[in-house]
Structures are given as C-alpha cells and as structure tokens.
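# Inside the fold
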Amino acid sequence: MTQVTSPAILKRQIEQTPDYNLQKLARAILAQAFSDALSPSKRNRDEVRADALEWFFATDDCAGSFDWICAILGLDPGPMRTWLQKRNALERDRRLARKIRSSLCRGAG
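What this report covers is the structure whose coordinates are included nearby. (Residues numbered from 1 in each chain as written. Predicted model: local features only at pLDDT ≥ 70, side-chain atom pairs only at ≥ 80, totals over all residues. Heavy atoms only, no water.)

### Observations concerning the overall build of the protein
Counting its regular elements, the protein contains 5 helices and 0 strands. For the protein, the sequential pattern of α-helices and β-strands runs α-α-α-α-α. Within the protein, buried positions represent 19% of all 109 residues. Looking at the protein alone, contacts between residues at least 24 apart form 47% of all its contacts between residues at least 6 apart. Carbon and sulfur atoms make up 56% of the accessible area of the protein, which amounts to about 8,400 Å² in all. (Helix = DSSP H or I, 4+ residues; strand = E, 2+ residues; numbered from the N terminus. Buried < 20%, exposed > 50% of the residue type's maximum accessible area, 1.4 Å probe, protein only. Contact = heavy atoms within 4.5 Å. Areas by Shrake-Rupley, 256 points an atom, 1.4 Å probe, with all protein chains shown as cover.)

What follows is the structure in structure tokens.
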C-alpha cells in the first residue's frame, strides 16, 4: 500500500532539501578545498595551503563558507576540522624533523 503525503508536507520537504545541483557544487568546492589543503600544486604551494586551511577554520556561515557547504551537504564540520588540525600538526612535526635531520647531516659532514 502506498502512503500518500500531503502537498504541504512535500513542499516543506523540497524547501528544506538543498537543490541537487547546489549539492553537487558544494561537493566540488569541498573536494577542491581538501585538495588545496592536503596536496596543493607546486606553484604557490604554501599560499594555497594556507588559504584552504583558513577557509576550513573560519567560523562564518555565509554563502560559500565551509560551514555553509557542510550545512548543504548535511555534514558536521567539527570532525573534519579536528582531523585537519591533527594532520596539520603532524605535517609541521615532519617538516621540523626534516629540518633538524638536514641540519645535523650538514654539521656532521
């Protein structure tokens, strides 16, 4: 037996569900932001990474913001921010270790 939904309920559901194309755009923006934050192209690498991380950690909800993208996609931004913070700290530690190793190798030679 098919359940009949009133037109008012259907209208409310449609209004509360972001448009498919808007969701598609939001997924593309999020994918590009992760790409920029995690493995930017060689050109302007540090600047691109910094811009992407700034976008992830900004706390506004205006159109185009990370929080806005998450709202459209029904995602909680908190766990992604936590993961990025941990990964960013790990990357800093690795860069520091490489610098120290490089410095020690130059001093030993």
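### Side note on a nonpolar patch on the surface
On the surface, Leu96, Ile100 and Leu104 cluster together into a nonpolar patch covering about 300 Å² of accessible area. Following the sequence through the fold, Leu96 ends up in helix H5 (residues 77-108). Assessed through its relative accessible area of 49%, Leu96 is described here as partly exposed. (Patch = residues over 30% accessible without salt bridge, like charges linked within 9 Å, V, L, I, M, F, W, Y side chains within 5 Å. Salt bridge = Lys/Arg side-chain N within 4 Å of Asp/Glu carboxyl O.)

### Things to note about the nonpolar core
In terms of nonpolar packing, the biggest core is built from 14 residues, with Leu30, Phe34, Ala37, Phe56, Phe66, Met80 and Leu84 touching the most fellow members. Of all the secondary-structure elements, those providing two or more residues to this core are helix H2 (20-38), helix H3 (45-57), helix H4 (66-73) and H5. The element best represented in this core is H2, accounting for 5 residues. Residues in contact with Leu84, not counting those within four places in the same chain, are Phe34, Leu38, Leu53, Phe56 and Phe57. (Core = buried A, V, L, I, M, F, W, Y, C linked by side-chain atoms within 4.5 Å.)

### Quick look at the pattern of salt bridges
In this structure the tally under the stated criterion is 1 salt bridge. Two residues, Arg81 and Asp67, come together in a salt bridge whose shortest N-O distance is 2.8 Å. Here Arg81, found in helix H5, pairs with Asp67, found in helix H4; they are 14 residues apart in sequence, far enough to count as distant. When sorted by exposure, Arg81 lands in the same class as Asp67, which is buried.

### A short note on the packing of H2 against H3
Put simply, H2 and H3 touch, their axes get as near as 7 Å, and they point 130° apart. One element, H2, and the other, H3, form an angle in the oblique class. Judged by the sense of rotation from one axis to the other, the crossing of H2 with H3 is left-handed. Between H2 and H3, the residues in contact are Ile29, Leu30, Ala33, Phe34, Asp36, Ala37 and Leu38 and Val48, Arg49, Ala52, Leu53, Trp55 and Phe56, respectively. When grouped by side-chain class, the residues that make up the contact of H2 with H3 number 11 nonpolar, no polar and 2 charged. (Axes fitted to C-alpha atoms, helices over the stretch in contact; angles between N-to-C directions. Parallel < 35°, antiparallel > 145°, perpendicular 65-115°, else oblique. Left-handed = near helix turned anticlockwise from the far one by under 90°. Nonpolar A, V, L, I, M, F, W, Y, C, P; charged D, E, K, R; others polar.)

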